[in-house]
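Secondary and tertiary structure notes
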Amino acid sequence: MENIRLDTSVQYLKGVGPKMYELLNKLGIYSVKDLIEYYPRAYEDRTRLVKIDEFEKDKSVLFIATVVRPVTVAHARGKKIISTVVTDESGRLAFLTWFNQVYIKDKLKEGMSYLFYGKVSSVSPSRATLESCSIYDVMQLDKIQGLYPIYSLTAGVTQNYLFKLITNLIIDNGILLKDIFETEFRKKYGLAEINYAVRNIHFPKDFSMVETARNRIIFEELFLFQLALLHMRDNNLEYVKTNIYKDLDCSEFLKIIPFELTNAQKKVVEQIKDDLSKNVVMNRLVQGDVGSGKTMVAAIAMYLAVKNGYQAALMAPTTILANQHFLELSGYFEKLNIKVEIITSSTTKKQKEKIIERLKNNEIDILIGTHSIIEDNIEFNNLGLVVTDEQHRFGVKQRMKLSNKGKIVDTLVMTATPIPRSLAIVLYGDLDLSVIDELPPGRKPVDTFVVNDSYNQRVYNFLRKNIDEGRQVYVVCPLVEENEELDLNSVEKLYEEYKKEFKEYNVAILHGKMKNKEKDEIMQDFKANNINILISTTVIEVGISVPNATVMVIENADRFGLAALHQLRGRVGRGSAASYCILKSNNKSAIARERLDIMRKSNDGFLIAKKDLELRGPGDFFGIRQSGMPEFKLANLLTDVKVLERTQQAVRDIIEQDKELNLEKNKKIKEALYEKYGEQLQNIVG
Ligand code: ADP
Ligand code: MG
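Just so you know, these numbers come straight off a predicted model, no measurement behind them.

1. A word on the environment of M514
Looking at where M514 falls in the secondary structure, it is placed in the loop between β19 (507-510) and α18 (516-527). With residues near it in sequence (within four places) discarded, M514 still touches I509, K519 and I522.

Right, dumping it as structure tokens:
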């Protein structure tokens, strides 16, 4: 077709029919631009000519060799088998075969040399064998030699097909991207021009070219990402605040709680006090392993906020968790005459209206809730502190929205998921980091076992023994698919199995599709020990505390991320009794075993999370997906730390000079920013 533009739909390209169009959509390719930016995930190395005596089994090789026997055609099992023997100066023989491609008989001439490319299927001291090699004229060496892109595919789309489409656009049609960086900018940060980069990411001659290209492309991705984040948290960060706390005495509160703070908790409380007494907004991330007592630290911060005349808000990722925080904390706060309320999706409209009214009149000091508390109609009278619990569960967007409820608020985010400092800074700004690196006394590590289905009976017996000793059991079933019906099916099936097996006991079920009220009732029953075995989906993942539950069985454990498994396991081992976690999995793959083995060997959430991060990549991990942030096409937040640091500097430079990006030279950057992150930016600002 004529006039191909970047926004042209790929359905109008030659060779793309309606069916192919759908398949390309599956890969996220809709427009010509998408296609050009569909970067290879790896490369096939055809840069080196390999001698036959260097061949290794299963390696793909590019080699020049001479045909030393006439080409023969044989028939076997309905196939035509074409074969010949070649050799090179190494003196070793290579036996080559093809299937059904009879024309090869005429193509290859005895005594002539050709360029071959193919995968070695076997090697012995005397010979190598290869099947279905590609054959080229030796003169083509220059053209053939190089790196070949390997694209991620879906069934029905081949490497070759994608390669041809992309070649056609970039080489034959000369489609160009707009470079958002001016020459001066590129020079300053050592960046290639975008179209040079794009050519070399798809068709590199060698790996150094890939590196140059990659650098350019990920620089842009990370630069825009950071610029967007900075714009989003904008008003909040660097502002000098007026709510400097004068009264930092929390001894009254400490008298009420039934235990002494651990040294780690004390240390973090001091850091928070220090923040609160300064004239700079607090922006602190508290990391602490599951069960390390983050809630109490947050409670103390909220207590101080109220004591100094401000309201505080605590946002938790699930209703159950919000309820639990409310139950625990309101008990303490009541004694001090501090008014705590809760808003979740199960709060009725009438109750909610009342809460909103009282909140505005400053009749509520602390509001606890799920993301319901960031709804637009919720207004505070004098919000001074926002705490978000298990922050990795929330998107950037939701957090920003809550912070925007007060003019300039102090923020405390709590997480059990360790984040490397460099990344934390990128994602949350110049925040300060506190670590609670100590568990309350008396905690015992949870004994962890990995078993397959052949152990079912033994597992059942083990559960019986524990229940008969008065203990309770969690059985957790993973989401099978992102399909609620199917997921529901699988918990329900499990529930039936357990009911049948444990007729004499109380077995209950808990899942995300139940009404909040039902869920709460079940949790109350479980807490009261009226339920022996609770079968559930991961709704119990975060924060639930039932000390008498000492056994956790996790079905299909290989389907969870390690950090999630650790969180789940943290539901047991909360009391003084010995606790157990049984990870069930029939997955025999080496990786699955390795992952579960990490769980068996370690109770250290930080170590586990680090491994998890390595195994899963950072996308899931940081909730970038949940926040609606696009994933990067090439950049990797974990491994591209160097570029990340450089972009950070570049973002600072540009903001310093032209915060609103109004200068002519930054026009294209602004456009790109809004094209990519406009929706998020609008939501925050608007
Ligand atoms: P997490 O850090 O996982 O959010 P929690 O705040 O839920 O942990 O605390 C886990 C349990 O430990 C709670 O029941 C809490 O009351 C208790 N706890 C917190 N701090 C201490 C402490 N210093 N000594 C004893 N128990 C504590
Ligand atoms: Mg917690």
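Here the narrative resumes.
2. Some details on the packing of helix α5 (residues 159-172) against helix α7 (residues 194-202)
In contact at an axis separation of 11 Å, α5 and α7 are set at 145° when each is read in the N-to-C sense. At the point where α5 passes α7, the crossing takes the left-handed sense. In this structure, α5 contributes I166, I170 and I171 to the contact, and α7 contributes V198, R199 and H202. Here the residues of the contact of α5 with α7 sort into four nonpolar, one polar and one charged.

3. Things to note about unusual backbone geometry
In this model, R77 sits at a positive phi of 45°, which is unusual for a non-glycine residue. Note that R77 resides in the loop between β3 (72-76) and β4 (79-87). Looking at R77, the relative accessible area reads 86%, which means it is exposed. Located in the positive-phi region is N337, a residue other than glycine, with phi close to 65°.

4. Here we look at the layout of surface pockets
The calculated volume of the second largest pocket comes to roughly 810 Å³. Forming the walls of the second largest pocket are 25 residues, and the residues nearest its centre are R46, Y148, P149, N160 and F163. Broken down by secondary-structure element, the contributors of at least two residues to the lining of the second largest pocket are β1 (42-46), β8 (134-136), α4 (141-144), β9 (146-150), α5 and α7. The element best represented in the lining of the second largest pocket is α5, accounting for six residues. Of the residues belonging to the lining of the second largest pocket, the class tally is twelve nonpolar, seven polar and six charged.

5. A look at the pairing of strand β5 (residues 93-99)
Burial of the side chains of β5 is restricted to one face: A94, L96 and W98 are buried, whereas none of L93, F95, T97 and F99 on the reverse face is. Between β4 and β5, which pair antiparallel in sequence order, lie five residues; one of them, G91, sits at a positive phi of approximately 90°. Direction of pairing for β5 relative to strand β7 (residues 127-131): parallel, over a ladder of five bridges. What sits directly across from F95, in β7, is T129.

6. A closer look at the site of ligand 1
Around ligand 1, a shell composed of 17 residues is seen, among which Q265, G291, K294, T295 and R443 lie nearest. One nitrogen or oxygen atom from the main chain of S292 is found 3.3 Å from an oxygen atom belonging to ligand 1. Between ligand 1 and E328, the relevant distance is 3.2 Å, taken from an oxygen atom to a side-chain nitrogen or oxygen of the residue. Surface burial for ligand 1 is 86%, taken as the share of its 560 Å² of free accessible area covered by protein chains. Across the shell around ligand 1, the residue classes tally to four nonpolar, seven polar and six charged.

7. Notes on the sheet that holds strand β18 (residues 472-476)
Strand order in the open sheet formed by six strands is β17-β22-β21-β18-β20-β19, with parallel pairing between adjacent strands. Two strands bound the open sheet, and with one partner strand each, they are β17 (447-451) and β19. On average, each strand axis in the sheet is inclined to that of its neighbour by 20°, with strand direction left out of account. Where β17 and strand β22 (residues 580-584) come together, five bridges link them in parallel fashion.

8. Description of the sheet that holds strand β11 (residues 311-315)
With parallel pairing, seven strands are arranged side by side in an open sheet as β12-β13-β11-β14-β15-β10-β16. Every interior strand has two partners, whereas the edge strands, β12 (340-343) and β16 (432-436), have only one. Here the strands of the sheet are splayed against their neighbours by 20° on average, with no regard to which way each runs. Pairing analysis gives five bridges linking strand β10 (residues 283-288) to strand β15 (residues 410-415), with the strands arranged parallel. Counted as the bridge partner of V286 is M414 from β15. Lying over the sheet, helix α11 (residues 294-307) contacts β10, β11, β13 (366-369), β14 (383-388), β15 and β16, oriented at roughly 170° with respect to β15. The sheet contacts of helix α13 (residues 349-360) involve β11, β12 and β13, and relative to β12 the element is tilted by about 135°.

9. So, the confidence of the model for the protein
With 87% of its residues at a pLDDT of 70 or more, the protein shows a mean pLDDT of 86. Taken as a whole, residues 619-630 scores under 50 in pLDDT and shows 38 contacts with residues more than four places along the chain or in a different chain.

10. Examining the environment of S576
Inspection of the secondary structure assignment puts S576 in the loop between α19 (562-569) and β22. According to the relative accessible area criterion, S576 is exposed, its value standing at 58%.

11. Points about the packing of aromatic side chains
Inspection of the entire model under this criterion finds 27 aromatic pairs. When the centroid spacing of 6.3 Å and the interplanar angle of 80° are considered together, the rings of F253 and Y332 count as edge-to-face. In this pair, F253 is assigned in helix α9 (residues 251-256) and Y332 in helix α12 (residues 319-335), connecting sequence segments 79 residues apart. Owing to a relative accessible area of 12%, Y332 belongs among the buried residues under this scheme. Between F462 and Y580 the ring centres are 4.9 Å apart and the planes differ by 85°, which places this aromatic pair in the edge-to-face class. Taken together, the residues span a long stretch of sequence, with F462 in helix α16 (residues 456-468) and Y580 in strand β22 at a distance of 118 residues.

The rules behind these values
Residues numbered from 1 in each chain as written. Chains lettered and ligands numbered in written order. Predicted model: local features only at pLDDT ≥ 70, side-chain atom pairs only at ≥ 80, totals over all residues. Heavy atoms only, no water. Helix = DSSP H or I, 4+ residues; strand = E, 2+ residues; numbered from the N terminus. Contact = heavy atoms within 4.5 Å. Axes fitted to C-alpha atoms, helices over the stretch in contact; angles between N-to-C directions. Left-handed = near helix turned anticlockwise from the far one by under 90°. Nonpolar A, V, L, I, M, F, W, Y, C, P; charged D, E, K, R; others polar. Buried < 20%, exposed > 50% of the residue type's maximum accessible area, 1.4 Å probe, protein only. 1 Å grid on protein atoms, 1.4 Å probe; cavity = no way out; pocket = protein on both sides within 12 Å on 5 of 7 lines; lining within 4 Å. Points joined across faces, edges and corners; volume = space filled by probe spheres on them. Pairing = 2+ DSSP bridges. Near = heavy atom within 4 Å. Polar contact = N/O pair within 3.5 Å; in protein donor to acceptor, adjacent residues only side chain to side chain. Areas by Shrake-Rupley, 256 points an atom, 1.4 Å probe, with all protein chains shown as cover. pLDDT = per-residue confidence, 0-100. Phe/Tyr/Trp six-rings, centres within 6.5 Å; stacked < 30°, edge-to-face > 60°.

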